[in-house]
Amino acid sequence: MEYTDFKRLIDSLLVKNKETEWIEFKENFHSKEEIGERISALSNSAFLCNMPYGYMVFGVNDDTLKVVGTDFYATRKKVGNEELESWLSTRLNPRIDFEIIDDFDYEAKGHVCVFKIPAATNQPVSFLHEEYVRVGSTTRRLRDFPQKEAKIWKGGQKALEKIVVKGKLTATQVLSLLSAETYFDMMKLPLPSDTMGIIDRMLAEKIVIQDEVGYSITELGALLFAKRLSDFDDLRRKMVRVIVYKGKSKLDIVREQSFDAGYAISFKTMVEWINSQLPANEEIGQALRSTVTMYPEIAVREIVANMLVHQDFSEKGFPMVEIYTDRIDVSNPGQPIISVERFIDEYNSRNSSLADLMRRLGICEELGSGLDKAVAAIELFQLPPLRFTVQETRTTVTLFAYRKYADLDRQERIYACYQHACLKYVTNDKMTNLTLRERLGIDKQNYPMASRIIKDTLIAGKIKEEKTENQSRNTKGYVPFWA
């Protein structure tokens, strides 16, 4: 940090004219335990106040807020033979990456030492197994405020628009890292003629936020509009990887492509490249009169968009598309926040700001997940049902290549029936023996085959009979178990 940035930071904190729940001023060092407690309290309170950081400043009188200087140099302080910073870090849980700014005097008024403390994310921060929080300008035990504690736990993954991935930037530096042109083109808005007009719009969208010395790019902004995700250390592993295999296993890779640009910039090119790698379908279902790709393009598009929106950014790992000769695996880091059985009708997302902005950019479906459109296209192509797999740190959606009805196993037939019932229900319709036969390509005279699948799906608890009067065997309707 340069001195000018340091001075702007101190000035921006002093202008508050008082201590807050995320700012504390002290004249001098009292004890290492006190600092540990304050780090816990300021981190938890910064989260509750929707601030990216909390600050503890030594060298300022907390009554007058005048800079008086301090003889405390945190980076030089030892606890026995151990540095204070290391001693504090090992006693915090989780070990947050706080920063000590200890290099400068404030004008001629004396030395000032600053602890810059990131807000809590997935859980409250504790010190020596006790969690603290600021109430006004007082540090208290968090357990005495169960509503505040619950709010931090419920916060889960921190909102992307509140996570800073690169800070202390000028407006020119922001525009060198992000593609403003992409935002305005996709939003169908005229590009402002001046830099501040562009920045003001980015601030409104929380693509960038103002920090103590300039502008910071948020994770939301970088994920969508970074010219290169690799410019951001924390996002290098969030670029999409696409791998094409020679056969049905991972043994032989034919080609691999990574998309380094932000999702809004690369999405169209990425989907086009994926579709270009798919083989033509030689055996197609009804209503299709010409050779087409093995998989419907809209299904690929919507499932890839879902992969981006619903990933857990607190989990390590790339979002991936893996293409085999008989299937496509589309996977993202993290477990879903809803049951896989509700993927078709539910629209909840752990990344609501990302989902909202991607919808407005035209990448995602307006009403939510888009999986209903994907399932509709899969049914038109008469492909096997989607398979959803949840592992400890990854969720995978599998699209299968065409197979005849006779080649589907019992479980696949049950899931085809269930997904068909879900699709009918979300389109204000109902599944019948007739609609299931059409979905699976079963001839009219073989209606008992469809009846058997419906019976198996009822026994499996995936569907239930629709309760209506005067229905015949041919018009009897079925709905998902949750309807």
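Predicted, not measured: the structure shown is a model, and the values here were computed from it.

Definitions and cut-offs
Residues numbered from 1 in each chain as written. Predicted model: local features only at pLDDT ≥ 70, side-chain atom pairs only at ≥ 80, totals over all residues. Heavy atoms only, no water. Helix = DSSP H or I, 4+ residues; strand = E, 2+ residues; numbered from the N terminus. Buried < 20%, exposed > 50% of the residue type's maximum accessible area, 1.4 Å probe, protein only. Contact = heavy atoms within 4.5 Å. Areas by Shrake-Rupley, 256 points an atom, 1.4 Å probe, with all protein chains shown as cover. Lys, Arg positive; Asp, Glu negative; His and termini not counted. Charge placed at Lys NZ, Arg CZ, Asp CG, Glu CD. Axes fitted to C-alpha atoms, helices over the stretch in contact; angles between N-to-C directions. Parallel < 35°, antiparallel > 145°, perpendicular 65-115°, else oblique. Nonpolar A, V, L, I, M, F, W, Y, C, P; charged D, E, K, R; others polar. Salt bridge = Lys/Arg side-chain N within 4 Å of Asp/Glu carboxyl O. Polar contact = N/O pair within 3.5 Å; in protein donor to acceptor, adjacent residues only side chain to side chain. Phe/Tyr/Trp six-rings, centres within 6.5 Å; stacked < 30°, edge-to-face > 60°. Lys NZ or Arg CZ within 6 Å of the ring centre and 35° of its normal. Pairing = 2+ DSSP bridges. Right-handed = clockwise from strand over helix to strand, strands pointing away.

Quick word on the overall build of the chain
Helices and strands together make up the secondary structure of the chain, namely 15 helices and 23 strands. Each principal axis of the C-alpha distribution contributes one length, and for the chain these read about 95 × 50 × 45 Å. A burial count over the chain gives 52% of its 483 residues as buried. Pairs at least 24 apart in sequence give 66% of the contacts found in the chain among residues at least 6 apart. For the chain, the exposed area adds up to about 23000 Å²; of that, 46% sits on carbon and sulfur atoms. In the chain, the 67 positive side-chain charges and the 70 negative ones have mean positions that sit 5 Å from each other.

Section: the packing of helix H14 (residues 433-440) against helix H15 (residues 447-459)
It is at 9 Å that the axes of H14 and H15 come closest, and there the two elements cross at 100°. Between H14 and H15, the angle falls in the class roughly perpendicular. Residues Asn433, Leu436, Arg437 and Leu440 of H14 touch H15, and the partners they reach there are Tyr447, Ala450, Ser451, Ile453 and Ile454. A per-class count over the contact of H14 with H15 returns six nonpolar, two polar and one charged.

As for the pattern of salt bridges
In the structure shown here, the tally under the stated rule is 30 salt bridges. A salt bridge links Glu33 to Lys32; its shortest N-O distance comes to 3.1 Å. Note on Lys32: relative accessible area 26%, which makes it partly exposed. Ionic pairing is found between Arg228 and Asp231, a salt bridge with its closest N-O pair at 3.1 Å. When its relative accessible area of 40% is taken as the criterion, Arg228 is described as partly exposed. By relative accessible area, which is 24% here, Asp231 ends up partly exposed. Ionic contacts of the salt-bridge type, sharing partners, join the residues Glu19, Glu24, Lys26, Glu34, Glu37, Arg38 and Arg134 into one network.

Points about H14
An α-helix turns once every 3.6 residues. As a result, residues three or four positions apart point the same way. Burial runs high along H14: six of the eight residues are buried. By the burial criterion, the buried members of H14 are Asn433, Thr435, Leu436, Arg437, Arg439 and Leu440. Each element contacted by the buried residues of H14 is listed here: helix H12 (371-380), helix H13 (410-426) and H15. One or two positions beyond H14, positive phi appears at Gly441, with a value near 70°.

Here's the deal with the environment of Ala119
For Ala119, the position within the fold is in the loop between strand E7 (113-118) and strand E8 (126-127). Overall, the relative accessible area of 5% leaves Ala119 in the buried class. Each C-alpha atom of the pair Ala119 and Ile243 lies 37 Å from the other, and the pair is 124 residues apart in sequence.

Section: the side chain of Asn351
Structurally, Asn351 is set in the loop between strand E19 (327-333) and helix H11 (352-360). For Asn351, the side chain forms a polar contact with the main-chain oxygen of Gln311, separated by 2.8 Å.

Things to note about the environment of Gln445
You can see Gln445 is positioned in the loop between H14 and H15. The class for Gln445 is exposed, based on a relative accessible area of 58%.

Observations concerning the packing of aromatic side chains
To describe a pair of aromatic rings, one takes the distance between the centres and the angle between the planes. Overall, the coordinates contain 17 aromatic pairs when judged by the stated rule. For the ring pair Tyr418 and Phe481, a centre distance of 6.0 Å and an interplane angle of 25° mean the geometry is stacked. Taken together, the residues span a long stretch of sequence, with Tyr418 in helix H13 and Phe481 in the segment after strand E23 (478-480) at a distance of 63 residues. Looking at Tyr418, the relative accessible area reads 3%, which means it is buried. Here a set of aromatic residues connected by ring pairs shows up, and it is made of Phe29, Phe58, Phe72, Phe98 and Phe115. Of note, Arg76 hangs over the ring of Tyr73, and the distance from its end group to the ring centre comes to 3.9 Å. Across from the ring centre of Phe400, 5.6 Å away, lies the NZ or CZ of Arg403, which sits over that ring.

Comments concerning the pairing of strand E1 (residues 23-26)
Residues Ile23 and Phe25 of E1 are buried on one face, and the alternating residues Glu24 and Lys26, pointing to the opposite face, are buried as well. Summarising the sheet, E1 and strand E2 (residues 53-58) pair through four bridges and their orientation is parallel. Among the inter-strand pairings, Phe25 is bridged to a residue of E2, identified as Val57. Assessed by its sense of winding, the connection that carries the chain from E1 through helix H2 (residues 32-48) to E2 is right-handed.

Re the sheet that holds strand E10 (residues 138-141)
A sheet is described by the order of its strands in space; here four strands give the open sequence E5-E8-E9-E10, paired in antiparallel fashion. Looking at the sheet topology across the chains shown, the edges are occupied by strand E5 (92-93) and E10. In this sheet, E8 lies alongside E5 in antiparallel orientation, the contact comprising two bridges. Across the sheet, the residue bridging to Asn93 is Ser126, located in E8. Packing against the sheet, H2 makes contact with E5, E8, strand E9 (130-135) and E10, and its axis sits at approximately 65° to E9.

Comments concerning the sheet that holds strand E14 (residues 240-245)
Adjacent strands of a sheet pair through backbone hydrogen bonds, lying either parallel or antiparallel. Taken in spatial order, the six strands make up an open sheet running E15-E14-E18-E19-E21-E20, and their pairing is mixed. Two strands lie at the open edges of the sheet, namely strand E15 (253-259) and strand E20 (387-390), each paired on one side alone. Strand-to-strand twist of the sheet, defined as the mean angle between neighbouring strand axes without regard to direction, takes the value 15°. Two strands pair when backbone bridges link them, and E20 and strand E21 (residues 394-400) are joined in this way by four bridges, in the antiparallel orientation.

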